[in-house]
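Structural characterization, general
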Amino acid sequence: MGKIVIVTYVLRGLGFVLVLLSLFGHSLILNVFPGLEGQSINPIFYSGIGVYLVGAVIYFFVNKKIRAERRRREIEELTSDNEDK
């Protein structure tokens, strides 16, 4: 689970960077990709939002699974403690 969580953070960070680049790094994007001169850089913005959303959705489901496992373990510990008394 740890590697998947790290990948989700990387995806969300990459999405955030792409959105910031499309908003504030117009000249940087045009220096790196000179073929985009005169074209819209909206695809970069939308790609950033998409990458961020993919990372956030994956993290949501992985975190939900981790919390359910933790809750199940806590309930098992409580029931085993009550049976010991």
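Cut-offs and rules
Every chain's residues receive numbers from 1 upward, in the order its sequence appears when written. Two thresholds apply to this predicted model, a pLDDT of at least 70 for residue-level local features and 80 or more for giving and counting side-chain atom pairs, whereas whole-chain, interface and lining totals are computed over all residues. Based on all heavy atoms of the structure, the side-chain values leave hydrogens and waters out of the count. Helix numbers and strand numbers start at the N terminus; a helix is a DSSP run of H or I with at least 4 residues, a strand a run of E with at least 2. With the radius of gyration taken over C-alpha atoms, the globule rule is written as 2.2 Å times the number of residues to the power 0.38. Between buried and exposed lies partly exposed: a residue is buried under 20% and exposed over 50% of the maximum accessible area for its type, with that area taken using a 1.4 Å probe on protein chains only. All accessible areas in this document rest on Shrake-Rupley with a 1.4 Å probe, and a residue is counted as covered only by the protein chains that are shown. We score Asp and Glu as negative and Lys and Arg as positive, and we do not count His or the chain ends. Charge positions come from single atoms, namely NZ of Lys, CZ of Arg, CG of Asp or CD of Glu. The patches described consist of residues with a relative accessible area above 30% and no salt bridge, like charges being joined within 9 Å and nonpolar side chains (Val, Leu, Ile, Met, Phe, Trp, Tyr) within 5 Å. Salt bridges are defined by distance alone: a side-chain nitrogen of Lys or Arg within 4 Å of a carboxyl oxygen of Asp or Glu. Nitrogen and oxygen atoms within 3.5 Å of one another constitute a polar contact, given that in protein one can donate a hydrogen and the other can accept it, and given that sequence-neighbouring residues count only through two side-chain atoms. Throughout, a contact is declared for two residues whenever any of their heavy atoms are within 4.5 Å. Helices are assigned an expected span. That span is 1.5 Å times one less than the residue count.

Looking now at the overall build of the protein. When its secondary structure is counted, the protein shows 3 helices and 0 strands. The order of helices and strands in the protein, counted from the N terminus, is α-α-α. Over its C-alpha trace the protein gives a radius of gyration of 21 Å, far above what one expects of a compact globule, namely 12 Å for 85 residues. Overall size of the protein, expressed as C-alpha extent along the three principal axes, is 75 × 15 × 15 Å. Considering the protein as a whole, with its 85 residues, one finds that 16% of them fall into the buried category. In the form shown here, the protein has an accessible surface area of approximately 6,600 Å², with 65% of it arising from carbon and sulfur atoms. Of the charged side chains in the protein, 10 are positive and 8 negative, and the gap between their average positions amounts to 6 Å.

A cluster of nonpolar side chains, contributed by F16, L20, L23, F24, Y46, I49, Y52 and L53, occupies part of the molecular surface with about 860 Å² of accessible area. Only α1 (2–24) and α3 (42–84) provide two or more residues apiece to the nonpolar patch. In this structure, L23 sits in helix α1.

Further remarks concern the side chain of S22. Along the polypeptide, S22 turns up in helix α1. According to the relative accessible area criterion, S22 is buried, its value standing at 10%. A polar contact is formed between the side chain of S22 and the backbone oxygen of V19, at a distance of 2.8 Å. Setting aside residues no more than four positions away along its own chain, S22 makes contact with I29, I41, I44 and F45.

Glancing now at α1. Here α1 is 23 residues long and its end C-alpha atoms lie 33 Å apart, about the 33 Å a rise of 1.5 Å per residue gives. Among the residues making up α1, those that are buried are V5, T8, R12, G15, V19 and S22.

Let us now look at the environment of F45. Secondary-structure assignment places F45 in helix α3. Given the relative accessible area of 23%, F45 is considered partly exposed. Placed 24 residues apart in sequence, F45 and E69 show a C-alpha to C-alpha distance of 36 Å. If near-sequence neighbours (up to four positions away) are discounted, F45 is found in contact with V19, S22 and L23.

Looking now at the pattern of salt bridges. Following the criterion strictly, the structure yields 1 salt bridge and no others. Ionic pairing is found between R72 and E76, a salt bridge with its closest N-O pair at 3.1 Å. Here R72 and its partner E76 are both found in helix α3, 4 residues apart, which amounts to about one turn of the helix. In this structure E76 comes out as partly exposed when scored by relative accessible area, which is 43%.

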